[in-house]
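Here is what each chain is made of, one letter per residue.
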Amino acid sequence: MGDTKQHHPSTLVIHAGQHADPHTGAVSVPIYQSSTFAFRSADEGAGRFLGTEPGYIYTRLGNPTIAALETSVAELERGAGALAAATGMAAVQTVYFALLGQGAHVVATDALYGPSRLVLETEYRRYGVTATFVDSTDPENVARAMRPETRLVYVESPANPTMAVSDLAACATIAHDRGALLCVDNTFASPLLQRPRDLGAHVVLHSLTKFLNGHSDVVGGIVVARDPELFARLRKVHRNMGGTMDPHQAWLVLRGIKSLALRVDRAQANARKIAAWLEADPRIAWVRYPGLASHPQHELASRQMDGPGAVLSFGVRGGFAPAKTMIESCRLATLAVSLGGIETLIEHPASMTHSALPRAEREAAGITDDLVRLAVGCEDERDLLADLDQALARAAEVAAVPVP
Ligand code: LCS
């Protein structure tokens, strides 16, 4: 409450966008479950449409509960404004649709969340938009792919599910120097661990379904723009294309955000322990976690992020068959897609979240058949380690190669 802009992120998550209700004093922002808002007079209605009168008109265009969520995330990401969307993909869609047009070119991370890549390769191609997918962990690859018609550099870091980390400041410079915009999908880090706007990003987006909501009970997305003009452009497209959020959904996410710092701290502490434990286990072929010294961008992640997060990927020795046995044998970690929830989830991207990508593209992006993704939650670390241990014991029984 009050002016929260000076506060630290773990205070902001509790107070940004939150204000006592002006009518009742309710401390929790009420759910304004109304599609439309009455005008006291025709002149007032006309004024609201013109923007000369404050107040709401119609929930697709704006709603007090949704506005509270948008203020919260805009402050967390230090942007000029935020737009809440029905899903993370609706947020991605708002960015692509607002910033791309006939003949435009995009340079994007190769290991993007499957549908974020797929819509560029299929739907946008139909409208004359082209995209080049590169390993953005090397900024040189981004620079080389830039063309005069490149309008957007689109980077996911850490990337889903390879945990590859890209240098956001370097990408911002490349985009800026060539007259393009940088959009960062910050879903895996959350605004608590990484603030791309401070590194030069023009747009930041999240699947709110993940860490920000944090309870695996809502889908949602949000787009944050650094500058007011860019925000106005995104807002116009977002409102007219119709992918806006529902007030009840917004309220649930606002409630989830209040515990973001507590959840991320705990899940990240668990993930650090699990990553180190897996790396020392002979049943595991490899582990990718930005917090491990063995991660190819460990130094960059340590500089760019305030912590390595709570998602990791690993390969089970012996390939897909033992990996499948392993994920099916977990009793505490739930076999489900998604991440960033309070409960630990485990999945197999090649056959699940990234299965729509052709095998060659998947493998070129590092999404190999043996890759298992673990989205670590807030359970007691001892229970999680015991669960993984017994599941790996099952996997070892079917491993093609003998366990040393
Ligand atoms: N961006 C990233 C990095 C994501 O991981 C996802 C969803 C999205 C955008 C899209 O958000 P949504 O529309 O689902 O809210 N990632 C998923 C995943 O890894 N498993 O299930 C969904």
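So, here is what we can say about the structure in this document. (Residues numbered from 1 in each chain as written. Predicted model: local features only at pLDDT ≥ 70, side-chain atom pairs only at ≥ 80, totals over all residues. Heavy atoms only, no water.)

## With respect to the environment of Arg-117
Okay, so step 1: Examined against the element boundaries, Arg-117 turns out to sit in helix α5 (residues 114-121).
Okay, so step 2: Spatially, the C-alpha atoms of Arg-117 and Ala-131 are 9.0 Å apart, while their sequence positions differ by 14 residues.
Okay, so step 3: Sequence-distant contacts of Arg-117, defined by excluding residues within four places in its chain, comprise Asp-110, Leu-112, Phe-133, Leu-357 and Glu-361. (Helix = DSSP H or I, 4+ residues; strand = E, 2+ residues; numbered from the N terminus. Contact = heavy atoms within 4.5 Å.)

## Description of the pattern of salt bridges
Okay, so step 1: A complete count under the given rule lists 20 salt bridges for this structure.
Okay, so step 2: One salt bridge in this structure joins Arg-48 and Glu-44, with 3.1 Å as the shortest N-O distance. Remark: Glu-44 and Arg-48 occur in helix α2 (residues 42-50); sequence separation between them is 4 residues, near one turn of the helix.
Okay, so step 3: As a salt-bridge pair, Arg-362 and Asp-369 come within 3.9 Å of each other at their nearest N and O atoms.
Okay, so step 4: Given the relative accessible area of 7%, Arg-362 is considered buried.
Okay, so step 5: On the accessibility criterion, Asp-369 (24% relative accessible area) is partly exposed.
Okay, so step 6: Salt bridges sharing common partners tie together Arg-359, Arg-362, Glu-363 and Asp-369. (Salt bridge = Lys/Arg side-chain N within 4 Å of Asp/Glu carboxyl O. Buried < 20%, exposed > 50% of the residue type's maximum accessible area, 1.4 Å probe, protein only.)

## Structural notes on the environment of Thr-344
Okay, so step 1: Structurally, the position occupied by Thr-344 is in the loop between β10 (334-335) and β11 (345-347).
Okay, so step 2: On a C-alpha basis, the gap between Thr-344 and Ala-333 in space is 4.9 Å, while along the polypeptide they are 11 residues apart.
Okay, so step 3: Setting aside anything within four residues of it in sequence, one finds Thr-344 in contact with Leu-332, Ala-333, Thr-334, Leu-374, Ala-375, Val-376, Gly-377, Glu-379 and Leu-384.
Okay, so step 4: One polar contact links the side chain of Thr-344 to the main-chain amide nitrogen of Gly-377, over a distance of 2.8 Å. (Polar contact = N/O pair within 3.5 Å; in protein donor to acceptor, adjacent residues only side chain to side chain.)

## Section: α5
Okay, so step 1: For α5, a buried count of 6 out of 8 residues is recorded, marking the element as mostly surrounded by other parts of the structure.
Okay, so step 2: Considered for burial, the residues of α5 that qualify are Gly-114, Ser-116, Arg-117, Val-119, Leu-120 and Glu-121.
Okay, so step 3: Along its buried surface, α5 packs onto α4 (88-99), β2 (105-109), β3 (130-134), β4 (150-156) and α14 (359-364).

## Describing the site of the ligand
Okay, so step 1: In the region of the ligand, 18 residues are neighbours, and Met-89, Asp-185, Ser-207, Thr-209 and Arg-373 sit closest.
Okay, so step 2: Contact between the ligand and Gly-88: an oxygen atom at 2.9 Å from a main-chain N or O atom of the residue.
Okay, so step 3: The contact in question runs from an oxygen atom of the ligand to an N or O atom on the side chain of Asn-160, over 2.9 Å.
Okay, so step 4: Taking 480 Å² as the accessible area of the ligand by itself, protein coverage stands at 92%. (Near = heavy atom within 4 Å. Areas by Shrake-Rupley, 256 points an atom, 1.4 Å probe, with all protein chains shown as cover.)

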